[in-house]
Amino acid sequence: AEITLHLVRDAAPPGEEEQLAITDAFDGALTKELQLDIEVEGMSALQADYATGHAIGFNPRDRTIEIMWTAGAVKDGGALDVLMRQHSLQIETSIKDAIDAKGFSWLERSTVWVKTTLNYYGPQASQMPDGQKISKDIGHKPGEDSEDTAPAYVTSSE
């Protein structure tokens, strides 16, 4: 997952304590929305990458928190797939709201992009129409928009 923190113009970038609080907010929101036990495996903070060159309000202090996470097995992967598809905006909003609830004075807004890879196993997995490994994107990667201005949700299979 990538959470880009758009800072108030003259604010100092968040420190390690604030970054951990953002990671905790992500963990809690995603656990609640997907009804899964989420395990955060690691986190790193980088200067936000505005490679597109046309980001409005570019602030060199903006930071992207990269969160590496996993979730355990589920009994019904299809139900999880449907939940992610039907509630992508709610998932994105829930993560943003959890970050906003922290009340950081230096934060103007956040951008959330979550990538998940679902691996299906079992006797019927090889017969799945989109394959046994499906990747999903929820949210908006900084500098990119969804094609129809709706919440970004993209599915690809391997």
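Our subject is the structure that appears above.
Residues numbered from 1 in each chain as written. Predicted model: local features only at pLDDT ≥ 70, side-chain atom pairs only at ≥ 80, totals over all residues. Heavy atoms only, no water.

Peer 1: When you look at the packing of helix α1 (residues 16–34) against helix α3 (residues 88–100) in this model, what are you seeing that I'm missing?
Peer 2: Orientation of α1 relative to α3, taken along the N-to-C sense of each, is 145°, at an axis distance of 8 Å. As for how α1 packs across α3, the hand of that crossing is right-handed. In this structure, α1 contributes Ile-22, Ala-25, Phe-26, Ala-29, Leu-30, Glu-33 and Leu-34 to the contact, and α3 contributes Gln-90, Ile-91, Ser-94, Ile-95, Ala-98 and Ile-99. Among the residues making up the contact of α1 with α3, the classes are represented as 10 nonpolar, 2 polar and 1 charged. (Axes fitted to C-alpha atoms, helices over the stretch in contact; angles between N-to-C directions. Helix = DSSP H or I, 4+ residues; strand = E, 2+ residues; numbered from the N terminus. Left-handed = near helix turned anticlockwise from the far one by under 90°. Contact = heavy atoms within 4.5 Å. Nonpolar A, V, L, I, M, F, W, Y, C, P; charged D, E, K, R; others polar.)

Peer 1: When you look at α1 in this model, what are you seeing that I'm missing?
Peer 2: Because an α-helix completes one turn every 3.6 residues, residues spaced three or four positions apart along the sequence face the same direction. For α1, built from 19 residues, the straight-helix expectation of 27 Å at 1.5 Å per residue is met to within 8% by its first-to-last C-alpha distance of 27 Å. Along α1, the residues classified as buried are Gln-19, Ala-21, Ile-22, Thr-23, Ala-25, Phe-26, Ala-29, Leu-30, Glu-33 and Leu-34. On the buried face of α1, the contacting elements are β1 (2–7), β2 (38–47), β3 (63–71), α2 (77–86), α3 and β4 (107–119). Backbone geometry just downstream of α1 places Gln-35 in the positive-phi region, at approximately 55°. (Expected span 1.5 Å × (residues − 1). Buried < 20%, exposed > 50% of the residue type's maximum accessible area, 1.4 Å probe, protein only.)

Peer 1: What's the story with α2 in this structure? I'm lost.
Peer 2: If you check which residues of α2 are buried, you get Gly-77, Leu-80, Asp-81 and Met-84. Buried residues in α2, looked at end-on, bunch into an arc of 100°, giving them a common side. For α2, the N-terminal capping position is held by Asp-76, with its side-chain oxygen 3.0 Å away from the main-chain nitrogen of Ala-79. (Arc of directions from axis to C-beta. Polar contact = N/O pair within 3.5 Å; in protein donor to acceptor, adjacent residues only side chain to side chain.)

Peer 1: So what exactly am I meant to see when it comes to the nonpolar core here?
Peer 2: Burial of nonpolar side chains together is a common tendency in soluble globular proteins. Core analysis: the largest hydrophobic core is formed by 32 residues, its most contacted members being Ile-3, Leu-5, Phe-26, Leu-30, Ile-95, Trp-106 and Val-114. In this structure, Ile-3 is in contact with Ile-22, Phe-26, Arg-63, Thr-64, Ile-65, Ile-67, Ile-95, Ile-99, Ser-110 and Thr-111, ignoring residues within four places of it in sequence. (Core = buried A, V, L, I, M, F, W, Y, C linked by side-chain atoms within 4.5 Å.)

Peer 1: Whenever I open this one, the packing of aromatic side chains confuses me. Can you help?
Peer 2: The geometry of an aromatic ring pair comes down to the distance between the two centres and the angle between the two planes. In total, this model carries 2 aromatic pairs according to the counting rule given. An angle of 65° between the planes, with centres 6.1 Å apart, marks the rings of Phe-26 and Trp-69 as edge-to-face. Residue Phe-26 is located in helix α1, and its partner Trp-69 is located in strand β3; the two are separated by 43 residues in the primary sequence. Judged by relative accessible area, Phe-26 falls into the buried class, the value being 0%. Centre to centre, the rings of Phe-104 and Trp-106 are 4.6 Å apart; their planes meet at 25°, and the pair counts as stacked. (Phe/Tyr/Trp six-rings, centres within 6.5 Å; stacked < 30°, edge-to-face > 60°.)

Peer 1: I keep staring at unusual backbone geometry and nothing clicks. Help me out?
Peer 2: Most peptide bonds are trans, and most residues other than glycine sit at a negative phi. Even without being glycine, Gln-35 reaches a positive phi, approximately 55°. When its relative accessible area of 68% is taken as the criterion, Gln-35 is described as exposed.

Peer 1: Looking at this structure, how should I read the side chain of Thr-64?
Peer 2: One can find Thr-64 in strand β3. You can call Thr-64 buried: its relative accessible area is 7%. A polar contact of 3.0 Å, which involves the side chain of Thr-64, links it to the side chain of Thr-4.

Peer 1: Just to check I follow, could you spell out the pattern of salt bridges for this structure?
Peer 2: Two side chains carrying opposite charge are able to pair once their charged atoms lie near each other. If you walk through the whole model with that rule in mind, you get 3 salt bridges. Ionic pairing is found between Lys-136 and Asp-81, a salt bridge with its closest N-O pair at 2.5 Å. Taken together, the residues span a long stretch of sequence, with Lys-136 in strand β5 (residues 133–139) and Asp-81 in helix α2 at a distance of 55 residues. Of the two residues examined, Lys-136 and Asp-81, each falls in the buried class. We note a salt bridge from Lys-96 to Glu-92, for which the minimum N-O separation is 3.6 Å. Linking Lys-96 with Glu-92, this pair stays in helix α3, spanning 4 residues, or about one helical turn. The partly exposed category is assigned to Lys-96, whose relative accessible area is 26%. Because the salt bridges share partners, they merge into one network encompassing Asp-81, Arg-85 and Lys-136. (Salt bridge = Lys/Arg side-chain N within 4 Å of Asp/Glu carboxyl O.)

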